[in-house]
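The chain contents come next:
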Amino acid sequence: VQLLESGGGLVQPGGSLSLSCAASGFTFSAYAMNWYRQAPGKERELVATITSASGSTYYSDSVKGRFTISRDNAKNTVYLQMNSLKPEDTAVYYCNAIRVFPELYNYWGQGTQVTVSS
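Not measured: the values here are computed from a predicted model.

**Observations regarding the overall build of the chain**
Moving on, step 1. Of the regular secondary structure elements, the chain holds 0 helices and 11 strands.
Moving on, step 2. Sequence-ordered secondary structure for the chain, helices as α and strands as β, is β-β-β-β-β-β-β-β-β-β-β.
Moving on, step 3. What you see for the chain is a C-alpha radius of gyration of 14 Å, in line with the 13 Å of a compact globule of 118 residues.
Moving on, step 4. In terms of its C-alpha atoms, the chain occupies a principal-axis envelope of roughly 45 × 25 × 25 Å.
Moving on, step 5. When the 118 residues of the chain are sorted by exposure, 40% land in the buried category.
Moving on, step 6. Long-range contacts, defined as pairs at least 24 residues apart, comprise 53% of the intrachain contacts of the chain with a sequence gap of at least 6.
Moving on, step 7. Accessible surface, the chain as shown: approximately 6100 Å² in total, 50% of it carbon and sulfur.

This is the structure we're talking about:
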């Protein structure tokens, strides 16, 4: 199983970045996909979720209206489009795949750094 994030980097406030997470080794379409982030000295927090079946999405209040999660099951890839970035968005962003039935499966990527600074 592998989740490989890419697309992180340094961007100025107000700018945009697009993260990708390429999955392999499991049935991607059967998993809900999440983006988490962890800033220095803070706990890891859920940023966005997209379900496996309907593709419904969820966003934390801190990113709602600015970030968009999407998935391409044909490419086994989940994306996070981040617009209007703020310094407080600076964190390591992690891709997560989860399935709870018939039993719990939970996989993590290695993370990609996003830094928002002028």
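**Here's the deal with unusual backbone geometry**
Moving on, step 1. In this structure, the amide linkage connecting F101 to the following residue, P102, adopts the cis form with an omega of 5°.
Moving on, step 2. Inspection of the secondary structure puts P102 in the loop between strand 9 (91-99) and strand 10 (105-108).
Moving on, step 3. Positioned with a positive phi, N76 is a non-glycine residue whose angle comes to about 50°.
Moving on, step 4. Residue position: N76 is located in the loop between strand 7 (67-72) and strand 8 (77-82).
Moving on, step 5. Positive phi, normally seen in glycine, also occurs at S84, with a value near 50°.

**Remarks on the state of the cysteines**
Moving on, step 1. Overall, the coordinates contain 1 disulfide when judged by the stated rule.
Moving on, step 2. What pairs with C21 in a disulfide is C95, and their sulfur atoms sit 2.1 Å apart. Note on the C21 and C95 pair: the S-S dihedral is about -80°, so by sign convention the disulfide is left-handed. Within this pair, whereas C21 is found in strand 3 (residues 17-24), its partner C95 is found in strand 9, the two being separated by 74 residues in sequence.

**Examining the pairing of strand 10**
Moving on, step 1. Sheet topology note: the strand 9/strand 10 ladder contains 4 bridges and is antiparallel. Along strand 10, the bridge assignment pairs R99 with Y105.
Moving on, step 2. Following strand 9, the chain reverses through 5 residues before pairing antiparallel with strand 10.

**What to know about the pattern of salt bridges**
Moving on, step 1. For the structure on display, the rule yields 4 salt bridges.
Moving on, step 2. One salt bridge connects K64 with D61, and the closest N-O pair in it is separated by 3.3 Å.
Moving on, step 3. For D61, a relative accessible area of 68% corresponds to the exposed category.
Moving on, step 4. A salt bridge links R66 to D89, with the shortest nitrogen-to-oxygen separation between them at 2.8 Å. Of the two residues, R66 sits in the loop between strand 6 (57-59) and strand 7 while D89 sits in the loop between strand 8 and strand 9, which places them 23 residues apart along the sequence. Comparing R66 with D89 shows no difference in burial state: the two are buried.
Moving on, step 5. A single salt-bridge network, built from bridges that share partners, covers R37, E45, R66 and D89.

About the cut-offs
- Residue positions are given per chain, counting from 1 as you read along its sequence in written order.
- Totals for whole chains, interfaces and linings use every residue, but because this is a predicted model, local features are given only for residues with pLDDT of at least 70 and side-chain atom pairs only at 80 or more, for both listing and counting.
- Side-chain numbers come from the whole structure's heavy atoms, not from hydrogens or water.
- Strands here are runs of E lasting at least two residues and helices are runs of H or I lasting at least four, both read from the DSSP assignment and numbered beginning at the N terminus.
- In this setup the radius of gyration rests on C-alpha atoms only. A globule is expected at 2.2 Å times the number of residues raised to 0.38.
- Buried residues are those whose accessible area, probed at 1.4 Å on protein chains only, stays under 20% of the maximum for their type, while exposed residues exceed 50% and partly exposed ones sit between those limits.
- Contacts are assigned to residue pairs that have any heavy atoms within 4.5 Å of one another.
- All accessible-area figures derive from a Shrake-Rupley calculation using a 1.4 Å probe, and residue coverage is judged against the displayed protein chains alone.
- Any cysteine sulfur atom paired with another within 2.5 Å is treated as part of a disulfide.
- One requirement defines pairing of two strands: DSSP has to find at least two bridges between them.
- Salt bridges, as used here, are contacts in which a Lys or Arg side-chain nitrogen is within 4 Å of a carboxyl oxygen on Asp or Glu.

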